[in-house]
Amino acid sequence: MGRKGPKGPKGAKANADALTKAALAAMSEETTVRITTVLEDFRASDAQVHTFEPSLTNQERAAVHAMCKKMGMISKSKGYGERRCLSVYKTKNTQAPGKEEGPSKLGFSEEARQILLDLFTHYPPDDAELNGDAVKNPGDKAAKIRWKTDTAFSRPAMQKHDIAKKIGEDRSKLPIASFKDHISSTLENHQVVLISGETGCGKTTQVPQYILDHVWGKGESCKIICTQPRRISAMSVAERISVERGETVGDTVGYKIRLESKGGKNSSIIFCTNGVLLRVLIGRVTNSSNRQRAADDVIMGITHIIVDEIHERDRFSDFMLAILRDLLPMYPHLHLVLMSATIDAERFSQYFNGCPVIRVPGHTYPVKTFYLEDVLSILQSVGDNHLNPETNDLGLDSVLTDDYKSSMDEAISMALASDEFDLLIELISIEQNPEIFNYQHSETGVTPLMVFARKGQLGDVCMLLSFGVDCSARDHDGKSALDWAQQENQVEAYEVIKKHMDCSPAKLPEENELLKKYLATINPEHIDTVLIERLLRKICTDSNEGAILVFLPGWEDINQTRERLLASSFRDSSKFLVLSLHSMIPSSEQKKVFKRAPAGVRKIILSTNIAETAVTIDDIVFVLDSGRMKEKSYDPYNNVSTLHTSWVSRANARQREGRAGRCQPGICYHLYSRFRAASLPEFQIPEIKRMPIEELCLQVKLLDPNSKIADFLN
Ligand SMILES: Nc1ncnc2c1ncn2[C@@H]1O[C@H](COP(=O)(O)OP(=O)(O)OP(=O)(O)O)[C@@H](O)[C@H]1O
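Residues numbered from 1 in each chain as written. Predicted model: local features only at pLDDT ≥ 70, side-chain atom pairs only at ≥ 80, totals over all residues. Heavy atoms only, no water.

When you go through the chain residue by residue, the secondary structure sums to 30 helices and 19 strands. In the chain, which comprises 714 residues, the proportion classed as buried is 50%. Here the analysis covers contacts within the chain between residues at least 6 apart in sequence; of these, 75% occur between residues at least 24 apart. When the accessible surface of the chain is split by element, carbon and sulfur atoms take 52% of a total near 34,000 Å². (Helix = DSSP H or I, 4+ residues; strand = E, 2+ residues; numbered from the N terminus. Buried < 20%, exposed > 50% of the residue type's maximum accessible area, 1.4 Å probe, protein only. Contact = heavy atoms within 4.5 Å. Areas by Shrake-Rupley, 256 points an atom, 1.4 Å probe, with all protein chains shown as cover.)

Okay, here's the thing in structure tokens:
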């Protein structure tokens, strides 16, 4: 729990902790963020020492000492009075990896042990392999072992008339529908295609079906393997597509996840996790010729591989892309479709020899966002209904008519394309309504402020700032007005917006005051279950229906929040259904989150980031984003791998928001300040860059024993 408990600390360590907390609490959030950034940059650099400017206050000095301790670094102050300065050193193991002398100790992390365990459960070594004979003599004894062929990956035998019957009509009006033919024809002419689509455009549910319809349309059969980063999305998307096709999961569309599968040989589309397909591909590059042959047969049966959410850069998908790139020339019949959000599309395309990129605009219902300062003021105004448009401007009902929206779209496009600003200025000035001046272009998410910042229209930027425009808004590429000004080198516009944002972290002085007071009483890096409970209560009082999804970092926080809720009126099961969603719970339990609660019962889901991508829980209206997630990382200086709680990236925050607007308009409450939101990193660092180098090398050798590690990583 994030609140400071009334209980007094015990012992010297507790005293030091309390002092540290006091130092941190007394400091502004801006200063904490600034110091953390300086320390993180230093740790990532080659420099061995960083000296802070002597102007640090005592509290700031105390905070630097505390943060260094937490990050495994050493800090020392020297000198007196105004000349007293504070230096930070990396610890005894200060040399960066690669600069160490002598051989490093090679051990397995818990993660690597788990992967090996998994691997050997699926492909147990025989006696010959255990004795090392198989490696010496790959051709003889091992060749007699019959590797069980996984029929889930085999192509179904089907007749032309069966196929014709199955082809349905276009299923949806999703933005991707107009790209159906383009996707099919591009795939006809290229082995690899990248589809870069904004969230909700329909790529996950539609692309496999477009390919199926196209291939069946030619009277041919196919086997389409779609990978997902997580079990829950593999399972739920397979279910969803089956519903769309009026079938049961396991017929045309199936899934195969660890310890569970539906469908198999006769299914034309199989969803699986990245890990499951990776294991099949590993077989192709093993030392055992029989296993190689079995894997080869499996790959020969697959006509298409779709790798979804590649921008997440988890280790399995990165490894898989590396392997697939090498395999493709050997299997010319095999087509690869890469699917990603609009992040780094060019980079992925370059990796696959400049494969064509199809860009698809997104579709989500409008999602209203609140930040911590808004939440605090909503909670303070006990009597007001914060969802009622009549009491304030925070309601869901839009004053924007469809005509007004299309005029705004047109005005924004015109201003961007041909520097014609009159229409946009006119539309904004008719009514000084936040919904209008904060309007986001329906396809690109660009706001009027972004247009003026990008074009250097200083007067118009100032006008919008004086209206109280939301500077934190981001377009669908994740760029804010400030980013646009910087990118286009509009120095004055950049400085005006930056200054405005620095001076007004909250909308109103009262909100700013509330925020300061709140941050002085809690540790923003801890989950405040009291705040979550109060906000849930407020949502349930101010609205009659709509499921609520709460993003928390891990199992412990889920349990603590759950316990807190079940110790209050949320325990009443005739009114509330509190569910937990975590990767470790069985899939039968995970599936419960998709079921609608009985009428009059409010569903509240406490989840980790597994519900963040490729998952649609269709009755979610409210999302609470704690801003925190668990992240594996490796500290080369202390030589330890950790699973620690960190701040989410902006990309994560956008995905979380998006979960509220999948099937109806929604609201997302970010439980961190606007200032914090603006300081979040753009993306998470790819997982393979956060692994210990020994583990990375082992994984590479596991995947391809014959390859040179350096070549593979290049
Ligand atoms: N299980 C479901 N129930 C109801 N509607 C759904 C379901 N799954 C998908 N949809 C609808 O289809 C839309 C597209 O979903 P899809 O998963 O294909 O999008 P996407 O482009 O892959 O987005 P993302 O990358 O955010 O997952 C959703 O926004 C939602 O409106």
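Take the site of the ligand next. Near the ligand you find 17 residues, and of these Thr199, Lys203, Thr204, Thr205 and Arg662 are the closest. The separation between an oxygen atom of the ligand and a polar main-chain atom of Gly200 is 2.9 Å. About the coverage of the ligand: the protein hides 88% of its 630 Å² of free accessible area. Looking at the shell around the ligand element by element, the count peaks at 3 residues for helix α9 (residues 203–217). Taken together, the residues of the shell around the ligand break down into 4 nonpolar, 6 polar and 7 charged. Counting the residues that make up the shell around the ligand, at least three belong to each of domain 2 (160–288 + 296–360) and domain 4 (522–683). (Near = heavy atom within 4 Å. Polar contact = N/O pair within 3.5 Å; in protein donor to acceptor, adjacent residues only side chain to side chain. Nonpolar A, V, L, I, M, F, W, Y, C, P; charged D, E, K, R; others polar. Domains from an automatic or database assignment.)

Hydrogen bonds between backbone groups are what pair the strands of a sheet, and the pairing can be parallel or antiparallel. In space, the 3 strands of this open sheet follow the order β1-β3-β2, with antiparallel pairing throughout. Where the open sheet ends on each side, the last strands, each with one partner, are β1 (49–51) and β2 (73–78). The average angle at which neighbouring strand axes cross in this sheet is 20°, direction not considered. Where β1 meets strand β3 (residues 85–90), 3 bridges bridge the pair, whose relative direction is antiparallel. (Pairing = 2+ DSSP bridges. Axes fitted to C-alpha atoms, helices over the stretch in contact; angles between N-to-C directions.)

Moving on, we get to the packing of aromatic side chains. Scanning the model with the defined rule gives 7 aromatic pairs in all. Measuring from ring centre to ring centre gives 5.3 Å for Tyr351 and Phe352, while their planes differ by 80°; the resulting arrangement is edge-to-face. The partly exposed category is assigned to Tyr351, whose relative accessible area is 27%. Note on Phe352: relative accessible area 5%, which makes it buried. Pairing Tyr371 with Tyr672 gives two aromatic rings, centres 6.2 Å apart and planes at 70°, and the pair type is edge-to-face. Pair noted here: Tyr371 is in the loop between β12 (367–370) and α15 (372–380) and Tyr672 is in the loop between β19 (666–670) and α28 (674–679), with a separation of 301 residues, a long-range link. Note on Tyr371: relative accessible area 8%, which makes it buried. (Phe/Tyr/Trp six-rings, centres within 6.5 Å; stacked < 30°, edge-to-face > 60°.)

As a further point, take unusual backbone geometry. Positive phi, normally seen in glycine, also occurs at Glu309, with a value near 55°. Turning to its location among the elements, Glu309 is positioned in the loop between β9 (304–307) and α13 (315–327). Among the residues examined, Glu309 registers a relative accessible area of 5% and is labelled buried. The phi torsion at Asn489 lies on the positive side, around 60°, for a residue other than glycine. You can see Asn489 is positioned in the loop between α21 (481–487) and α22 (491–503). You can call Asn489 exposed: its relative accessible area is 60%.

The element strand β16 (residues 620–625) is extensively covered by neighbouring structure, given that 6 of its 6 residues are classed as buried. Note: β16 against β19, 4 bridges, orientation parallel. Opposite Leu624, over in β19, you have Tyr669 as the bridge partner.

Structurally, Gly79 is set in the loop between β2 and β3. On the basis of relative accessible area, Gly79 is assigned to the partly exposed category, the value being 32%. Measuring from C-alpha to C-alpha, the distance between Gly79 and Glu545 comes to 62 Å, with 466 residues separating the pair along the chain.

The next point concerns helix α3 (residues 58–71). With 14 residues, α3 ought to run about 20 Å at 1.5 Å a step, and its terminal C-alpha atoms sit 20 Å apart, in line with that. What α3 keeps buried is the set Glu60, Arg61, Ala63, Val64, Ala66, Met67, Cys68 and Met71. At the exit of α3 stands Gly72, carrying a positive phi of roughly 75°. (Expected span 1.5 Å × (residues − 1).)

Moving on to the sheet that holds strand β10 (residues 335–340). Spatial ordering of the open sheet is given by β7-β6-β8-β5-β9-β10-β4-β11, a layout of 8 strands whose pairing is mixed. Both edges of this open sheet fall to β7 (260–262) and β11 (357–360), since each of them pairs with a single strand only. Taken pair by pair, the neighbouring strands of this sheet meet at an average axis angle of 20°, ignoring direction. Here β9 pairs with β10 via 4 bridges, running parallel. Bridged to His304 within β10 is His335. Each of β5 (224–228), β9 and β10 touches α13; the most contacted strand, β9, lies at about 150° to it.

Turning next to the packing of helix α24 (residues 529–542) against helix α25 (residues 555–566). For the pair α24 and α25, interaxial distance at closest approach is 10 Å and the crossing angle is 50°. Relative to α25, the element α24 is oriented oblique. Here α24 and α25 pass one another in a crossing that is right-handed. When α24 is examined against α25, the residues Thr529, Val530, Ile532, Glu533 and Leu536 are found in contact with a partner set consisting of Gln560, Thr561, Arg564 and Leu565. When grouped by side-chain class, the residues that make up the contact of α24 with α25 number 4 nonpolar, 3 polar and 2 charged. (Parallel < 35°, antiparallel > 145°, perpendicular 65-115°, else oblique. Left-handed = near helix turned anticlockwise from the far one by under 90°.)

Of the residues in the chain, 80% have a pLDDT of 70 or more, and the chain-wide mean is 80. Within the chain, helix α6 (residues 133–136) has the poorest average pLDDT of any element, 40, and strand β13 (residues 547–551) the best, 98. Residue range residues 94–106 is modelled with pLDDT below 50. Its contacts to residues more than four positions away, or to other chains, number 11 contacts. Low pLDDT, under 50, characterises residues 390–396; the predicted model gives this stretch 17 contacts beyond four residues in sequence or across chains. Among the prediction metrics, the complex's ipTM stands at 0.96, with pTM recorded as 0.71. (pLDDT = per-residue confidence, 0-100.)

Let us now look at the side chain of Asp475. Within the secondary structure, Asp475 is located in the loop between α20 (458–467) and α21. Notably, Asp475 is buried but unbridged: the nearest opposite-charge side chain belongs to Lys479, and the N-O separation is 5.7 Å. Among the polar contacts made by the side chain of Asp475, one reaches the main-chain amide nitrogen of Lys479 at a distance of 2.9 Å. One polar contact links Asp475 to Trp484, side chain to side chain, over a distance of 3.0 Å. (Lys, Arg positive; Asp, Glu negative; His and termini not counted. Salt bridge = Lys/Arg side-chain N within 4 Å of Asp/Glu carboxyl O.)

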